[in-house]
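Topology and contacts: notes
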Amino acid sequence: MTLRSDAAALLDDLVTLRRDLHRIPEIGLHLPRTQERVLAALDGLPLEITLGKNLSSITAVLRGGGGSGGTVLLRGDMDALPVTEASGEEFTSTLDGAMHACGHDLHTAGLVGAARLLAARKDDLPGDVVFMFQPGEEGWDGAGRMIDEGVLTASGKPVDAAYGLHVSAASYAKGQFTARPGTLMAASGALEVRVMGDGGHGSSPHDARDPIPAACEMVTALQTMVTRTFDVFDPVVITVGSFHAGTRRNIIPDDAVFEATLRSFSPEVAARVGERAVQVCRGIAQAHGLDIDVTYEPEYPATINDAGAYDFVADTIRDVFGEERFTEMADPITGSEDFSRVLDRVPGAYLFLGACPTDPATAPDNHSPRARFDDSVLGDGAALLAELAVRRLALLAG
């Protein structure tokens, strides 16, 4: 029996697990109900399980019996989003304001499937597998926290290779795998700005120090900064997603506040873009005679696939599923991902799996309250993760 056929036999159980998780979405680093359900799904498998000290993570080590070779890490994230579900699914979220709108319930169920497949073959594995069940991907840096707690050395030696996949509710046809070598996803950072003046009557702006025009100027100047400071072939994206000022049309407020997300694709630009954005905002505030409180916090580095690991993943998919099931992405994605923390330290690769139940050109995308995922892809996702571990361990063993 092949891993793929064995995974097909597990599909019903994996779908049940995914839908159970979908009903109980939890946000952030502390996911007690999710952790409990995943532990129940892993119960009985020959795994060495460690729970996170400061987050609801699960690290499970499978010891191979076929030799003392290397270690491969497989990752699935478990957290949900602060979104009120409107998907219409019969297994919809039971919690208002929380939804698995990004498919992490599929990632978790798929990783459980991979653990079951590999546990059944543990005697033949020439090395160990670390299963990284991670909370807090959606802005909480759960991967970084799990690294701090030792996930990359959980087997007793450093991880040699790492793999993960992400499902997509749109963009890609159901069952289609896609990735690219090098930069796959953007680095991200957060810019927070408070422009401080002196409020007054809207009819007499000369008697006040109005923060709103200056803050508006900063928003547009940041876009000009992108085109005049950074190479168009090493792009930067800046989006101001929050802007708040004032209470009424004829009142000049004391302050104006806005927040922006900054995305970039190379370590060199990621190191410069935040500093430059801060300089622009401070310069404009000074020109207007205003005070400013501005901070930039780097979030996740770019997700960069090792070239050799990418080739290995692409070749494995083509061999197991057929040439037509894999497509190389032309360009990176401007979203960010904290699996980048792992790939910063370990050669590996991240990829996407289409899980769109309708037309991917018109379907609601990840993070939409109407996002829907076809969980029939769970078998192939689990089989691929397991296949990558089996083949990579064999290569590491020589």
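Quick look at the structure, then. All of these numbers come straight from a predicted model, not from anything done at the bench.

**Section: the packing of aromatic side chains**
As enumerated under the stated definition, the model contains 7 aromatic pairs in all. The interplanar angle of 45° and the centroid separation of 5.9 Å between the aromatic rings of Y163 and F312 together place this pair among those described as tilted. With Y163 in strand 5 (residues 161-168) and F312 in helix 7 (residues 307-321), this residue pair connects regions lying 149 residues apart in the sequence. Residues Y172 and F352 carry aromatic rings whose centres are separated by 6.2 Å and whose planes lie at 40° to one another, so their mutual orientation is tilted. With Y172 in the loop between strand 5 and strand 6 (177-179) and F352 in strand 16 (residues 348-354), the pair connects residues that are 180 residues apart, well separated along the chain. Owing to a relative accessible area of 6%, F352 belongs among the buried residues under this scheme.

**A few points about the layout of surface pockets**
Roughly 760 Å³ of internal volume is contained in the largest pocket. Along the wall of the largest pocket there are 31 residues; nearest its centre are E138, R263, G335, S336 and H367. Classifying every residue of the lining of the largest pocket by side-chain character gives 11 nonpolar, 12 polar and 8 charged.

**With respect to the side chain of T108**
Looking at the secondary structure, you find T108 in helix 3 (residues 104-119). Under the relative-accessibility criterion, T108 is labelled buried at 1%. The residues touching T108, leaving out its near neighbours within four places in the chain, are L21, V38, D77, M78 and F133.

Reading guide: rules and limits
- Residues numbered from 1 in each chain as written.
- Predicted model: local features only at pLDDT ≥ 70, side-chain atom pairs only at ≥ 80, totals over all residues.
- Heavy atoms only, no water.
- Phe/Tyr/Trp six-rings, centres within 6.5 Å; stacked < 30°, edge-to-face > 60°.
- Helix = DSSP H or I, 4+ residues; strand = E, 2+ residues; numbered from the N terminus.
- Buried < 20%, exposed > 50% of the residue type's maximum accessible area, 1.4 Å probe, protein only.
- 1 Å grid on protein atoms, 1.4 Å probe; cavity = no way out; pocket = protein on both sides within 12 Å on 5 of 7 lines; lining within 4 Å.
- Points joined across faces, edges and corners; volume = space filled by probe spheres on them.
- Nonpolar A, V, L, I, M, F, W, Y, C, P; charged D, E, K, R; others polar.
- Contact = heavy atoms within 4.5 Å.

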